[in-house]
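The lines below spell out each chain.
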Amino acid sequence: MASPEPSRLSLADLNDASPAQFATLLDGVYEHSPWIAERAAAARPFATLAQLKLALVQAVREASSDEQLGLIRAHPELAGKAMVARALTSESTGEQQSAGLTHCTPEEFAHLQALNAAYNARFGFPFLLAVRGPRGTGLGRPAIIAAFERRLKHHPDIERAESLRQIHRIAELRLADKFGQQPTQGERVWDWAEALAVHSDPGFAEQGQLTVTYLTAAHQACACQLKQWMREAGFDEVKLDAVGNVIGLYHAAHGQNAQGEDPTALRLLTGSHYDTVRNAGKYDGRLGILVPIAVVSQLQQRGQRLPFGIEVVGFAEEEGQRYPATFLGSGALVGQFDHDWLDQADADGVTMRDAMRAAGLPGRMDTIESLQRDPAQYLGFVEVHIEQGPVLNELDLPLGVVSSINGSRRFLGEITGVASHAGTTPMDRRRDAACAFAELALYVERRAAEQPYLVATVGQLEVPQGSINVVPGRCKFSLDVRATTDEVRDACVADIRAELARITERRGVSYTLDGILEAPAAPSAAAWQARWERAVASLGLPVHTMPSGAGHDAMKLHEAMPQAMLFVRGENAGISHNPLESSTAHDMDLAVQAFAKLLQDLADEATPS
């Protein structure tokens, strides 16, 4: 006889419970720390599981430093003495078993014991990791050991904060078990991202690195895979356009007939890019394609059509890795494909035109120019994107609403002094180009720190033909300045130029500073930003608005139609353009829900009351 299904916890159970019962119902979510549930109970009633999670997180954030440290120390070591003695809680036992830590080889066990000892000696608390991982199915011993070794190098303050975030992830997974709630759509998106990451360019694939550049075999394989998923999701039309963009169309309802289709109705445009930087993460760009595919699949399964069509675009190129042309895919849709790009050659001498033709694309300007969209046919453009920064991660928030994409200006500069003998040139006789630049670099840092949402970076620095015993006669550098408004950005650039002139005049050296790129800021359209805000709030989450310091396809579409973006929290301090780039199935599931809510609200707006 089959055993009965375990009873599942509900929000109604928690909302109706006494404070003591509330803590008992959530026993085991946070290891040996009932005080967290006791304090979170005051935030009732909870309308969503996300809201409950946030209340628990907030209780920890508001706790004293000693209480937070006690929470960390309440957790057992991985593959430690408590596991060997079988003294773990049932939750920890299951988690360590799922990660295979109860079946370590003698060598792995010895290595973990050495790491545990080194970690405790450095930080004074046990190493914590949500070993069930971002998908919830387990990380595996090699990944656990790699994370252990990497985090052992952290600053203590950074590692303490990361330990608390890992505890919240463990709690999130345990809550899902108690409630019997599975982030099905988030897992689907996560699985798609994993499957897409199988394709990588030669030279990188062999090293286990993800790199997909414009129109390589891996790039074309990604396009084929996206088309297949779009067809399976129920898109009415799926195609590859003249620059390699993957287009999926889900038609609008025909009038009041939800079963009919109207290909001529206004559309909502959405999507992101599927190319990558070299040695990339799996979610930059791609998340913004996969989330709307999942939402369209849900609509199709319900037999539901909206008063507007949905056009999802997997932009073929945004990163500028194989050719210097950036935003090639989205640029073509707003009529900004440059004819000269076709003659650009890659590192192997293959021109873009030849690469297009080899991939089965026309490689002709007349077909590319025909891709330009008529803004009158579109409601606007929305994009979902992994944050690519630490803000949401530090705030313990899964979603954020973008207020503006920063405008940027980039420069290449050179300071020229006099190269002279390091031993015979007195300090007061030197015309040192590197020291002049050092002054400038520190000024750049100070000036950008004076205003919120302004950043300035010196990313490249070179002393050409420098020698250990020569006073530097030349110093080459780059400068990148970004801000939410062009006025703030340009004021910073003007001040940096003025300071560079003062430094070089005083030191008797000369300089050049040449602009190489200027991109205007792209503030979110107020109405569309508000729609994202309502979608996030509907999930029981606080609305956090923030600028995007990175460029996105949305900033190109901004030139033709209103746009707004949703950010999804990244793990590992939000690092991006890096193999450590990650997000969880739970956060992706919330992004799918937010996107679906935006669509439904937009449909309600279009439907007469």
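Above this text sits the structure in question.
First things first, this report covers the structure right here in the doc. (Residues numbered from 1 in each chain as written. Predicted model: local features only at pLDDT ≥ 70, side-chain atom pairs only at ≥ 80, totals over all residues. Heavy atoms only, no water.)

## As for the overall build of the protein
Worth spelling out the cut-off: Numbering of helices and strands runs from the N terminus, with a helix taken as a DSSP run of H or I at least four residues long and a strand as a DSSP run of E at least two residues long. This radius of gyration counts C-alpha atoms alone. The globule rule is 2.2 Å times how many residues there are, raised to the power 0.38. Residue contacts are defined here by distance: any two heavy atoms, one from each residue, within 4.5 Å place the two residues in contact. Using the Shrake-Rupley algorithm and a 1.4 Å probe, accessible areas are obtained, with residue cover drawn only from the displayed protein chains.
When helices and strands are tallied, the protein shows 22 helices and 18 strands. For a compact globule of 609 residues, the expected C-alpha radius of gyration is about 25 Å, and the protein comes in at 27 Å, within 12% of that figure. Over its C-alpha atoms, taken along the principal directions, the protein stretches across nearly 85 × 70 × 45 Å. Taking as baseline every contact in the protein between residues at least 6 positions apart, the subset at least 24 positions apart corresponds to 77%. Accessible surface, the protein as shown: approximately 26,100 Å² in total, 52% of it carbon and sulfur.

## A word on the layout of surface pockets
To keep it simple, the criterion reads: A cavity, in this analysis, means grid points on a 1 Å lattice covering only the protein atoms where a 1.4 Å probe fits yet has no way out; a pocket is instead an open set bounded by protein on both sides within 12 Å along at least five of seven lines, and a residue lines either one if it has an atom within 4 Å of a point. Grid points are joined across faces, edges and corners, and a volume is the space filled by probe spheres set on the points. The classification used treats Ala, Val, Leu, Ile, Met, Phe, Trp, Tyr, Cys and Pro as nonpolar, Asp, Glu, Lys and Arg as charged, and all other residues, Gly among them, as polar.
Put simply, the largest pocket is a space of about 970 Å³. What lines the largest pocket is a set of 42 residues, and nearest its centre among them are Arg 410, Arg 482, Gly 549, Ala 550 and Gly 551. Those elements giving two or more residues to the lining of the largest pocket turn out to be β9 (407-416), β15 (510-519), β17 (545-548) and α21 (553-557). By residue class, the composition of the lining of the largest pocket is 16 nonpolar, 17 polar and nine charged. Space inside the second largest pocket adds up to approximately 820 Å³. Every element with two or more residues in the lining of the second largest pocket is listed here: α9 (141-151), α10 (156-179) and α11 (184-196). Among the elements that make up the lining of the second largest pocket, the one with the highest residue count is α9 (five residues). Taken together, the residues of the lining of the second largest pocket break down into 16 nonpolar, twelve polar and ten charged.

No statement about biological role is implied by the geometric values presented.
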